[in-house]
Amino acid sequence: MMKTIADSASDAALVRPLRLAPGQALHLPVRPGTGLQVTAGALRVRTPMRWLAGTACVQPFQRLGEGEGLFLEDGGWVAVQAAAGGGEGPVLVVERARP
């Protein structure tokens, strides 16, 4: 059985399991310190927008495969998209408890 980021989350953390069909995309708001983990398939994640030197706005992305995770230091909106051609891709979203 795969160890997930939800296994080590505190009881007060919010764990949201999501299922995305192949090619399906979802935009969701996240708080700073949120973790994402792909439990099957592959995912493309566009992280919250960032300003570079106060002049340019960028929205970096990362590709995550099965078992890989991502810790988001900044809050904001993220876009997650399941890889086309695969089966349904379960994703775990773990948010820290509010102080």
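Description of the structure in this document. Bear in mind that the values here come from a model prediction, so they are computed numbers and not experimental data.

### Remarks on the nonpolar core
Core analysis: the biggest nonpolar cluster contains 15 residues, and Leu-20, Leu-28, Leu-36, Leu-43, Val-45, Leu-72 and Val-80 have the highest contact counts within it. Residues within four places of Val-45 in sequence aside, it is in contact with Leu-36, Pro-60, Phe-61, Gln-62, Leu-64, Leu-70, Ala-79 and Val-80.

### Section: the sheet that holds strand β7 (residues 61-64)
Pairing in this open sheet of four strands is antiparallel, and the strands run β2-β9-β4-β7 from one edge to the other. Only two strands of the sheet have a single neighbouring strand rather than two, namely β2 (25-30) and β7. Each strand axis lies, on average, 20 degrees off the axis of its neighbour in the sheet, ignoring direction. Summarising the sheet, strand β4 (residues 43-46) and β7 pair through four bridges and their orientation is antiparallel. From the neighbouring strand, Val-45 faces β7, where its bridge partner is Gln-62.

### Considering the environment of Pro-32
When you line up the elements, Pro-32 lands in the loop between β2 and β3 (34-38). C-alpha of Pro-32 to C-alpha of Asp-74: the two residues are 42 residues apart in sequence and 4.5 Å apart in space. With near-sequence residues (within four places) excluded, Pro-32 lies in contact with Leu-72, Glu-73, Asp-74 and Gly-75.

Parameters and conventions
- Residues numbered from 1 in each chain as written.
- Predicted model: local features only at pLDDT ≥ 70, side-chain atom pairs only at ≥ 80, totals over all residues.
- Heavy atoms only, no water.
- Core = buried A, V, L, I, M, F, W, Y, C linked by side-chain atoms within 4.5 Å.
- Buried < 20%, exposed > 50% of the residue type's maximum accessible area, 1.4 Å probe, protein only.
- Contact = heavy atoms within 4.5 Å.
- Pairing = 2+ DSSP bridges.
- Helix = DSSP H or I, 4+ residues; strand = E, 2+ residues; numbered from the N terminus.
- Axes fitted to C-alpha atoms, helices over the stretch in contact; angles between N-to-C directions.

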